[in-house]
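What follows is each chain in one-letter form.
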Amino acid sequence: CNELFENLKIYIDDLISEWNGNYVDMNQSLPKIGSDLVEIDRETGFLNVNFSEKLFQLIQDCRLLTEYGYYSKITKDIVKVNEEGKKILKDAISLKQIANFYNTLSSQVIPSQKPMLVKCAKEFEINLTTVTEKFKKSKTNLDLENYVNIIQTAANSLTSEIRKLKKAHATILDLLCQLLHYDLISNRHKWKEILKKAHNVYYEIAEGYKGEEDLLKEWKNHWNFQLFKIIKIQYTLSLEKFYSFVT
């Protein structure tokens, strides 16, 4: 039993030694506050966060080794990298989430609503660029925290606008789909009621674009075309009913 225990101990020590070897020179992967933690790619315009996945993994591994009582077997260099990395881990995760939101912004927007969001997106981009350039000159964790808060607030504002427009879009879609269940001739009052609700949703959004009505053109044309298709369907059904009645 003692021999088995000793063999197991040697095995664990070898594994930890190998693990330590895998993270040699990790201090070179530790980003400095400001200068190289965040950058905007000039070619793609994407926001990049230079906090490597390997550094994330190192911090997680150190936490687990500490919980299992093997902290003393972690080399001093790795301990130092772990401690420095943990100071900015929370903010780095927030930055990666913001970067993912920003880099995939186009795919999150309904095509016909893109012109309506150009102004908000541009404001976010200018804010992001300005604050990022200012942050790149900073050197403290406090500056990093402030930077994340500013960008997060701007991202939340843009996200809120996207969600509001998506909700309006979904509401109008639901209302127009209801029209398919009502005959155009015998249920004109129901058509008027539903269309009034749809118009109210549209004009509630349009209120925020006074003087910029052109931005609504694609979205308005989209719904006009959808309504045209529904009317065409109902017109065809009504004709079929009429012919079946007269014959």
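Just so it is clear, the structure is predicted and the values come from calculations on it, not from any experiment.

A.B. asks: Please set out the environment of D77 residue by residue, giving values where relevant.
C.D. replies: Summarising the element assignment, D77 is placed in helix α3 (residues 76-103). A relative accessible area of 61% places D77 in the exposed class. Sequence-wise, D77 and N20 are 57 residues apart; in three dimensions their C-alpha atoms are separated by 9.5 Å.

A.B. asks: An account of the layout of surface pockets is requested, with residue identities and associated values reported.
C.D. replies: In this structure, the largest pocket spans a volume of roughly 270 Å³. Lining the largest pocket are 15 residues, with E161, K164, E204, I205 and Y209 positioned closest to its centre. Listed by contribution, the elements that provide at least two residues to the lining of the largest pocket are α5 (114-135), α6 (141-179) and α7 (188-206). Examining the composition of the lining of the largest pocket, we find that five residues originate from one element, α6, more than from any other. Here the second largest pocket defines a volume of roughly 220 Å³. Along its surface, the second largest pocket is lined by I172, L176, L195, A198, H199, Y202, Y203, K220, W223, N224 and L227. When residues of the lining of the second largest pocket are traced back to their parent elements, those giving at least two are α6, α7 and α8 (217-246). Take the lining of the second largest pocket: its biggest share by element is five residues, from α7. A class-by-class count of the residues in the lining of the second largest pocket yields eight nonpolar, two polar and one charged.

A.B. asks: Give a description of α7 that names residues and reports values.
C.D. replies: Between its first and last C-alpha atoms α7 spans 26 Å; for 19 residues at 1.5 Å apiece the expected length is 27 Å, and the two agree. Among all positions in α7, only W191, I194, L195, A198, V201, Y202, I205 and A206 are buried. Down the axis of α7, the buried set is contained in an arc of 145°. They therefore lie on one face. Exposed residues lying more than 90 degrees from the buried face of α7 are H189, K192, K196 and E204.

A.B. asks: So what's going on with the pattern of salt bridges? Residues and values would help.
C.D. replies: The final tally for this structure, using the stated rule, is 10 salt bridges. The closest approach of N and O atoms between K119 and E212, which form a salt bridge, is 3.7 Å. Note that K119 is positioned in helix α5 and E212 in the loop between α7 and α8, a separation of 93 residues in sequence. Under the relative-accessibility criterion, K119 is labelled partly exposed at 46%. Owing to a relative accessible area of 28%, E212 belongs among the partly exposed residues under this scheme. A single salt-bridge network, built from bridges that share partners, covers K190, E193 and K197.

A.B. asks: Talk me through the packing of helix α2 (residues 53-67) against α3; I want residue IDs and the actual numbers.
C.D. replies: Axis angle and axis distance: for two packed helices, these are the angle between their axes and the distance between the axes, and together they describe the pair. Contact geometry for α2 and α3: axes closest at 9 Å, N-to-C directions at 120°. On the basis of the axis angle, α2 is oblique to α3. In terms of crossing hand, the pair formed by α2 and α3 is left-handed. Counting all contacts with α2, which are made through E53, L55, F56, L58, I59 and C62, the residues of α3 involved are I78, V81, N82, G85, K86, L89, I93 and K96. Looking at side-chain class alone, the contact of α2 with α3 contains nine nonpolar, two polar and three charged residues.

A.B. asks: A description of the nonpolar core should follow, citing residues and the corresponding values.
C.D. replies: The biggest cluster of nonpolar side chains holds 61 residues, and the ones touching the most others in it are Y147 and W219. Where this core is concerned, the elements lending two or more residues are α1 (2-22), β2 (47-49), α2, α3, α5, α6, α7 and α8. Counting residues per element, this core draws most heavily on α6, which supplies 14 residues. Contacts of Y147, omitting those with residues within four sequence positions, involve V38, L95, L128, V131, T132 and F135.

How each quantity is defined
Residues numbered from 1 in each chain as written. Predicted model: local features only at pLDDT ≥ 70, side-chain atom pairs only at ≥ 80, totals over all residues. Heavy atoms only, no water. Helix = DSSP H or I, 4+ residues; strand = E, 2+ residues; numbered from the N terminus. Buried < 20%, exposed > 50% of the residue type's maximum accessible area, 1.4 Å probe, protein only. 1 Å grid on protein atoms, 1.4 Å probe; cavity = no way out; pocket = protein on both sides within 12 Å on 5 of 7 lines; lining within 4 Å. Points joined across faces, edges and corners; volume = space filled by probe spheres on them. Nonpolar A, V, L, I, M, F, W, Y, C, P; charged D, E, K, R; others polar. Expected span 1.5 Å × (residues − 1). Arc of directions from axis to C-beta. Salt bridge = Lys/Arg side-chain N within 4 Å of Asp/Glu carboxyl O. Axes fitted to C-alpha atoms, helices over the stretch in contact; angles between N-to-C directions. Parallel < 35°, antiparallel > 145°, perpendicular 65-115°, else oblique. Left-handed = near helix turned anticlockwise from the far one by under 90°. Contact = heavy atoms within 4.5 Å. Core = buried A, V, L, I, M, F, W, Y, C linked by side-chain atoms within 4.5 Å.

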